[in-house]
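Fold and contact review
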Amino acid sequence: MNATRYLPFVGRLLIGLPFVMSGLSKLAAYGPTTEVIGAVGLPAPPLAFAVAVVFVLGGGLLLLAGFQARFVAVALALFALVTAVSFHSNFADQNQMIHFLKNLMIAGGLLQIAGFGAGAISVDNRLSKGHEAVATVR
């Protein structure tokens, strides 16, 4: 057995779990989260909150499962970049610069998933094997 077949799964866990945790914390802090969204000047903070929860929690769960991983990874990478620019672009504040760079690194890891796929331990892989079996039978 090749141990490297587990690396994409571990990578998805390490990127996906913080997204899930962030989504759950957003759900638990609706008021403060919408205040921060409004403070940076984004329109319709309640709608932006809903979009953020869908992307962060939903995308994180899909990434963990490895379902539509390439598409989800691109969507989350774009979300991470938009978040970096919208919320963490005050480089006079070292903490904000660290968060900006963290978002760039997350986007880079997500683009690796988009480029190479979910790996062997994923719903995507399981579904592709199901399609191969159907094609072989026909």
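A quick note: this is a predicted structure, and the numbers were derived from the prediction, not measured.

This next bit is on the packing of helix α3 (residues 45-65) against helix α4 (residues 69-87). Relative to each other, α3 and α4 sit at 145°, their axes nearing to 10 Å. As for how α3 packs across α4, the hand of that crossing is left-handed. On α4, the residues that touch Ala52, Phe55, Val56, Gly59, Gly60, Leu62 and Leu63 of α3 are Ala69, Val72, Ala75, Leu76 and Phe79. Across the contact of α3 with α4, the residue classes break down as 10 nonpolar, 2 polar and no charged.

So, about the nonpolar core. Residues Ile15, Phe19, Leu63, Ala73, Leu76, Leu110 and Ile113 are the most contacted members of the largest nonpolar core, which totals 17 residues. Those elements that place two or more of their residues in this core are α1 (7-28), α3, α4 and α5 (94-116). When residues of this core are assigned to their parent elements, the largest contribution, 7 residues, is made by α4. Counting 6 residues, the second largest nonpolar core, distinct from the first, contains Val20, Ile37, Phe49 and Val53.

The rules behind each value
Residues numbered from 1 in each chain as written. Predicted model: local features only at pLDDT ≥ 70, side-chain atom pairs only at ≥ 80, totals over all residues. Heavy atoms only, no water. Axes fitted to C-alpha atoms, helices over the stretch in contact; angles between N-to-C directions. Helix = DSSP H or I, 4+ residues; strand = E, 2+ residues; numbered from the N terminus. Left-handed = near helix turned anticlockwise from the far one by under 90°. Contact = heavy atoms within 4.5 Å. Nonpolar A, V, L, I, M, F, W, Y, C, P; charged D, E, K, R; others polar. Core = buried A, V, L, I, M, F, W, Y, C linked by side-chain atoms within 4.5 Å. Buried < 20%, exposed > 50% of the residue type's maximum accessible area, 1.4 Å probe, protein only.

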